[in-house]
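Coordinates in review
Here's the letter readout for the chains.
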Amino acid sequence: MDPELVALASAAGTTVVGLLATDAWQLTRTAMGSLWRRVWPQRAEALEAELVDVRAELLAAHAVGDTAAAQALVGEWQGRLRRLLAADPQVADELRRLLREDLAVPTGDRAWTDDVLQEVTASGQSRVNVVGQGSMTVHES
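Summarised in this report is the structure supplied together with it. (Residues numbered from 1 in each chain as written. Predicted model: local features only at pLDDT ≥ 70, side-chain atom pairs only at ≥ 80, totals over all residues. Heavy atoms only, no water.)

In this section: the nonpolar core. Judged by nonpolar contacts, the single largest core of 33 residues is most densely connected at Met32, Leu35, Trp36, Leu81, Leu84, Leu85 and Leu95. Those elements that provide at least two residues to this core are α1 (3-20), α2 (25-39), α3 (44-63), α4 (67-87) and α5 (91-102). A total of eight residues in this core trace back to one element, the largest contributor, which is α1. If sequence neighbours within four positions are ignored, Leu85 has contacts with Met1, Leu5, Leu8, Ala9, Val91, Ala92 and Leu95. (Core = buried A, V, L, I, M, F, W, Y, C linked by side-chain atoms within 4.5 Å. Buried < 20%, exposed > 50% of the residue type's maximum accessible area, 1.4 Å probe, protein only. Helix = DSSP H or I, 4+ residues; strand = E, 2+ residues; numbered from the N terminus. Contact = heavy atoms within 4.5 Å.)

And the structure:
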């Protein structure tokens, strides 16, 4: 599978599951249902019902601080979206549009874009070098 589609599925899965724990969960359910209807119309209604169950699981996990369960749900939805994109790569444009417009998640002054947001934390005597695109040269003295 194209690495760009894998990255899109990963970002979308994280976004979708994250939104299920917010007031935007119904919009998210509807948006994912419409996306599924384009590829697997016979599965869309069941998918929307399942998102209600996933929301309940996610809220229960958050209530007890079970980050592993929440992360497992993210992984599950990343996989579902990878399979959807593998079945119909043309749906990638619609998924990008949904993330950019219908399911935009404000983070500060930013919303989801095709860019990658990397957050890095170092502690103690650690050093972190991050390159988003291109190359990096590090000179030590």
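Turning to the pattern of salt bridges, a few remarks are in order. If the charged atoms of two oppositely charged side chains come close together, the side chains can form a pair. Evaluation of the coordinates by the stated rule reveals eight salt bridges. The salt bridge involving Asp102 is made with Arg97; its shortest N-O contact spans 3.2 Å. Asp102 gets classed as partly exposed once you look at its relative accessible area, which sits at 32%. Assessed through its relative accessible area of 25%, Arg97 is described here as partly exposed. (Salt bridge = Lys/Arg side-chain N within 4 Å of Asp/Glu carboxyl O.)

As a further point, take the environment of Ala86. Following the sequence through the fold, Ala86 ends up in helix α4. Under the relative-accessibility criterion, Ala86 is labelled exposed at 52%. For the pair Ala86 and Asp2, spaced 84 residues apart in sequence, the C-alpha to C-alpha distance is 8.9 Å.

A few words on the environment of Val52. Position of Val52 among the secondary structure elements: in helix α3. On the accessibility criterion, Val52 (33% relative accessible area) is partly exposed. With 23 residues separating them in the primary sequence, Val52 and Arg29 have C-alpha atoms 7.7 Å apart. Those residues in contact with Val52 that sit more than four places away from it in its chain are Trp25 and Arg29.

Throughout the structure, instances matching the rule amount to two aromatic pairs. With a centroid separation of 6.3 Å and an interplanar angle of 55 degrees, the aromatic rings of Trp36 and Trp40 are classed as tilted. Each member of the pair, Trp36 as well as Trp40, is classed as buried. Each ring, one from Trp36 and one from Trp77, has its centre 6.3 Å from the other, and the planes form 65 degrees; the classification is edge-to-face. Taken together, the residues span a long stretch of sequence, with Trp36 in helix α2 and Trp77 in helix α4 at a distance of 41 residues. Given the relative accessible area of 4%, Trp36 is considered buried. An aromatic cluster is built from Trp36, Trp40 and Trp77, whose rings are joined through pairwise contacts. (Phe/Tyr/Trp six-rings, centres within 6.5 Å; stacked < 30°, edge-to-face > 60°.)

For the rest of this paragraph, the subject is α2. Helical geometry note: an α-helix holds 3.6 residues per turn, so side chains three or four residues apart project in the same direction. Spanning 15 residues, α2 covers 22 Å between terminal C-alpha atoms, matching the ideal 21 Å at 1.5 Å per step. The complete set of buried residues in α2 reads Trp25, Thr28, Ala31, Met32, Gly33, Leu35, Trp36 and Val39. For α2, the elements touching its buried residues are α1, α3, α4 and α5. (Expected span 1.5 Å × (residues − 1).)

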